Amino acid sequence: MGAQVEAKNREIEPGAVWQRSGEGAVGVEVAFLASGNIGLRDAKNPDGPTLIFTPGEWRAFVAGAKDGEFNRPGSTTA
């Protein structure tokens, strides 16, 4: 039963409100879902794949991004 609940909580609700991180079609869009999870998708491809994070996963992802964990090798910007 736990796996079924987990799968359901990883769905995007039809009424999800997506917020764009940048100007135009560049960047990502984030939606804070009614389930408590967070959706992340490519702003250029809103019908493409979507990452779904639990609140704990989202906090870890954001902390890693702030710390430069996802920077390209040799990059000096965060």
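Treat the numbers as computed from the prediction; the structure is a model and nothing was measured. (Residues numbered from 1 in each chain as written. Predicted model: local features only at pLDDT ≥ 70, side-chain atom pairs only at ≥ 80, totals over all residues. Heavy atoms only, no water.)

Draft legend 1. Representation of the overall build of the protein chain within the structure. Tallying secondary structure elements over the protein chain gives two helices and four strands in all. Going from the N terminus to the C terminus, the protein chain shows its helices and strands as α-β-β-β-β-α. Counting contacts in the protein chain only where the partners sit at least 6 residues apart, residues at least 24 apart contribute 16% of the total. For the protein chain, the computed accessible surface area is about 5700 Å², with 55% contributed by carbon and sulfur atoms. (Helix = DSSP H or I, 4+ residues; strand = E, 2+ residues; numbered from the N terminus. Contact = heavy atoms within 4.5 Å. Areas by Shrake-Rupley, 256 points an atom, 1.4 Å probe, with all protein chains shown as cover.)

Draft legend 2. Region of the structure containing the side chain of Glu29. Of note, Glu29 is situated in strand S2 (residues 28-32). Polar contacts involving the side chain of Glu29 include one to the side chain of Arg20, which spans 2.6 Å. Reaching out from Glu29, the side chain makes a polar contact with the side chain of Arg41 at a distance of 2.6 Å. Aside from chain neighbours lying at most four places away, what touches Glu29 is Trp18, Gln19, Arg20, Gly39, Leu40, Arg41, Ala43 and Pro46. (Polar contact = N/O pair within 3.5 Å; in protein donor to acceptor, adjacent residues only side chain to side chain.)

Draft legend 3. Quick peek at the confidence of the model for the protein chain. Residues with a pLDDT of 70 or more make up 82% of the protein chain, whose mean pLDDT is 83. For the stretch residues 1-7, pLDDT sits under 50, and the model shows one contact to residues farther than four places along the chain or on other chains. (pLDDT = per-residue confidence, 0-100.)

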